[in-house]
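Commentary on secondary and tertiary structure
Take a look at the letters that make up each chain.
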Amino acid sequence: MTMETIDFKALEAELHDELVRVERWRRVVRMLGVAVYSLVFGWFMFVLFGGALLARLGWQDYGALTRTVVPVFIGLVVLSFALTRSLSAFRERETAAMRRAMQAMLPGVRFLPPSECEADNSLLTGSRLFTVSYGDPRLAMDCYGEVEAGSGGTLRVADVGVSYGWMNRWQYHPVMGYVVMVYRHVLRPLFASRMESSAHNFRGMFGWCRTHLEDKAGYLAHHVQALQKRFHARLVRLEDPEFERRFVVYADSEVSARMLLTPAMMRRMTALRDAFGRDLMFSFSRGCLYYAASMPQGFLRLRPASLGGGRMLETVCNDITLSGRVADELGVS
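Residues numbered from 1 in each chain as written. Predicted model: local features only at pLDDT ≥ 70, side-chain atom pairs only at ≥ 80, totals over all residues. Heavy atoms only, no water.

Scanning the protein for helices and strands turns up 12 helices and nine strands. Counting over 333 residues, the protein shows a buried share of 48%. Across the protein, contacts joining residues at least 24 apart in sequence account for 71% of those joining residues at least 6 apart. In the structure as shown, the protein presents an accessible area of about 16,700 Å², 57% of it carried by carbon and sulfur atoms. (Helix = DSSP H or I, 4+ residues; strand = E, 2+ residues; numbered from the N terminus. Buried < 20%, exposed > 50% of the residue type's maximum accessible area, 1.4 Å probe, protein only. Contact = heavy atoms within 4.5 Å. Areas by Shrake-Rupley, 256 points an atom, 1.4 Å probe, with all protein chains shown as cover.)

Below is the structure:
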């Protein structure tokens, strides 16, 4: 079954009740989240600046103010409980709807729940897509699902949330750790696209597979990345202006980079970037191809969209289909 043969509008109508329930739970989670985290932020401000407030108001007015704290705190506890239960219900319904939709759209793709994901810290560290020279190279990572494609499951693409860099390092600082905690767990959830990924620097698609570049070309395409500068890799200037407009390439070896990034390869990478409609990151390391793209709404998740036209399911199907074709499109599978 190809995307051209899928009637997304009819499929959306078939799954309409499930999708409506998912959207309702999404709105409930958002409203409860705004209420809870606004109250938490207010509580932090009260704790931090209570002394200054006392000096300004005086004991009598301050005492009257503190009498409202208990009911507000009780309300916060109740709302927090409701948020936890709602978030759990939302995740369950979204996962069930996503699994059913994928079975109908992409029967040849195997969906793996978070408990069965292969994506882990060591795999992401090996890709060198997320570690930075000025931060702690250790990563904090959550996997929200994974798809397996290709013969024998040679290609895996996961929906991951990754935390790294200065926030991971400062969270253990006796003073800055408090600031990082407030920022990550109080302020960011108010504005994040998905509440559960608000603590991450990166949320989106991460794929990997073995390549046969060594057999084809007799060399190891070692650590070439389309990202900002990583470790001690050097900037490589290439002759394709269209490619350089979309990618920045750093490599440990300029010779290896040029051997890998042939004109044909650069055209394929540019075409993939245009097909995805978002920035892509690539890394070739130790015979493996790694790639990633930021998707704040989640990769294997249903994105908010108007029901009725099939667009919600078509967007998800398009991203999953494209992610499974990356290795073939680059000619490295």
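After that view, the rundown keeps rolling.
On to the environment of methionine 105. The residue methionine 105 is located in helix H4 (residues 69-105) in this model. Counting along the chain gives 100 residues from methionine 105 to threonine 5, while the straight-line C-alpha distance between them is 9.5 Å.

Moving on to the environment of phenylalanine 8. With respect to the helices and strands, phenylalanine 8 occurs in helix H1 (residues 8-14). Given the relative accessible area of 8%, phenylalanine 8 is considered buried. The spatial distance from the C-alpha of phenylalanine 8 to the C-alpha of glycine 310 is 4.6 Å, given a sequence separation of 302 residues.

Residue placement: serine 323 occurs in helix H12 (residues 311-330). Overall, serine 323 belongs to the buried group, its relative accessible area being 0%. Not counting residues up to four positions away in its chain, the partners in contact with serine 323 are Leu155, Val157, Met205, Phe276, Tyr291 and Phe299.

Here the focus is the pairing of strand E4 (residues 202-210). Taken residue by residue, a regular strand's side chains alternate between the two faces of the sheet. Burial runs high along E4: eight of the nine residues are buried. Note that strand E3 (residues 155-163) and E4 share eight bridges and pair antiparallel. Counterpart to alanine 158 in the pairing with E4 is phenylalanine 206. As defined by bridge partners, E4 adjoins strand E9 (residues 288-294) across seven bridges and the pair is classed as antiparallel. When the sheet's bridge partners are listed, cysteine 209 is paired in E9 with leucine 289. (Pairing = 2+ DSSP bridges.)

Pairs of aromatic rings are described using the distance from one ring centre to the other and the angle between the two planes. The tally for this structure, following the rule as stated, stands at two aromatic pairs. Aromatic pair phenylalanine 206 and tyrosine 290: ring centres 6.2 Å apart, planes at 15°, arrangement stacked. Taken together, the residues phenylalanine 206 in strand E4 and tyrosine 290 in strand E9 connect sequence positions 84 residues apart. Ring pairing ties together the aromatic residues Phe206, Trp208 and Tyr290, which thus form one cluster. (Phe/Tyr/Trp six-rings, centres within 6.5 Å; stacked < 30°, edge-to-face > 60°.)

Interhelical geometry of H4 versus H12 gives an angle of 70° and a closest axis separation of 11 Å. Judged by the inter-axis angle, H4 sits roughly perpendicular to H12. In this structure, H4 meets H12 at a crossing whose hand is right-handed. Within the contact between the two elements, H4 uses Met98, Ala101, Met102 and Met105 and H12 uses Leu313, Val316, Cys317 and Ile320. Class assignment for the residues of the contact of H4 with H12 results in eight nonpolar, no polar and no charged. (Axes fitted to C-alpha atoms, helices over the stretch in contact; angles between N-to-C directions. Parallel < 35°, antiparallel > 145°, perpendicular 65-115°, else oblique. Left-handed = near helix turned anticlockwise from the far one by under 90°. Nonpolar A, V, L, I, M, F, W, Y, C, P; charged D, E, K, R; others polar.)

Let us now look at the pairing of E9. Across the seven residues of E9, six count as buried, placing the element largely inside the fold. The pairing of strand E8 (residues 281-285) with E9 spans five bridges and is classified as antiparallel. Following the sheet pairing, serine 285 is matched in E9 by cysteine 288. Turn length for the E8-E9 hairpin, with the two strands adjacent in sequence and antiparallel, is two residues, and the turn residue arginine 286 shows positive phi of about 50°.

Our focus in this paragraph is the confidence of the model for the protein. Of all residues in the protein, 73% have pLDDT values of 70 or greater, and the mean over the chain is 75. In the predicted structure, residues 214-232 sits below a pLDDT of 50 and forms 66 contacts with residues beyond four places in sequence or in another chain. (pLDDT = per-residue confidence, 0-100.)

This part covers the pattern of salt bridges. In the structure shown here, the tally under the stated rule is 13 salt bridges. Residues glutamate 148 and arginine 156 are paired through a salt bridge, measuring 2.6 Å at the closest nitrogen-oxygen approach. A relative accessible area of 10% means that arginine 156 is categorised as buried. Between aspartate 159 and arginine 203 there is a salt bridge whose closest N-O contact spans 2.9 Å. In this pair, aspartate 159 is assigned in strand E3 and arginine 203 in strand E4, connecting sequence segments 44 residues apart. One connected set of salt bridges, linked through shared partners, spans Arg110, Glu116, Glu118, Glu146, Glu148 and Arg156. (Salt bridge = Lys/Arg side-chain N within 4 Å of Asp/Glu carboxyl O.)

Core analysis: the largest hydrophobic core is formed by 56 residues, its most contacted members being Met105, Met205, Phe282, Leu289, Leu302 and Leu330. Core analysis: the next-biggest nonpolar cluster, separate from the first, contains 20 residues, Cys143, Val162, Phe206 and Ala292 among them. (Core = buried A, V, L, I, M, F, W, Y, C linked by side-chain atoms within 4.5 Å.)

For H12, built from 20 residues, the straight-helix expectation of 28 Å at 1.5 Å per residue is met to within 8% by its first-to-last C-alpha distance of 28 Å. At glycine 324, H12 is deflected by roughly 40°, the largest bend along its length. Along H12, the residues classified as buried are Met312, Leu313, Val316, Cys317, Asp319, Ile320, Leu322, Ser323, Val326, Ala327 and Leu330. (Expected span 1.5 Å × (residues − 1). Bend = angle between axes of the 7 residues up to and from the residue.)

A few words on a positive patch on the surface. Residues Arg21, Arg24, Arg27 and Arg93 make up a contiguous surface patch of positive charge. Ranked by residue count, the leading element in the positive patch is helix H2 (residues 16-57), at three residues. Considering the arrangement of structural elements, one finds arginine 93 in helix H4. Look at arginine 93 and you get partly exposed, because its relative accessible area is 37%. (Patch = residues over 30% accessible without salt bridge, like charges linked within 9 Å, V, L, I, M, F, W, Y side chains within 5 Å. Lys, Arg positive; Asp, Glu negative; His and termini not counted. Charge placed at Lys NZ, Arg CZ, Asp CG, Glu CD.)

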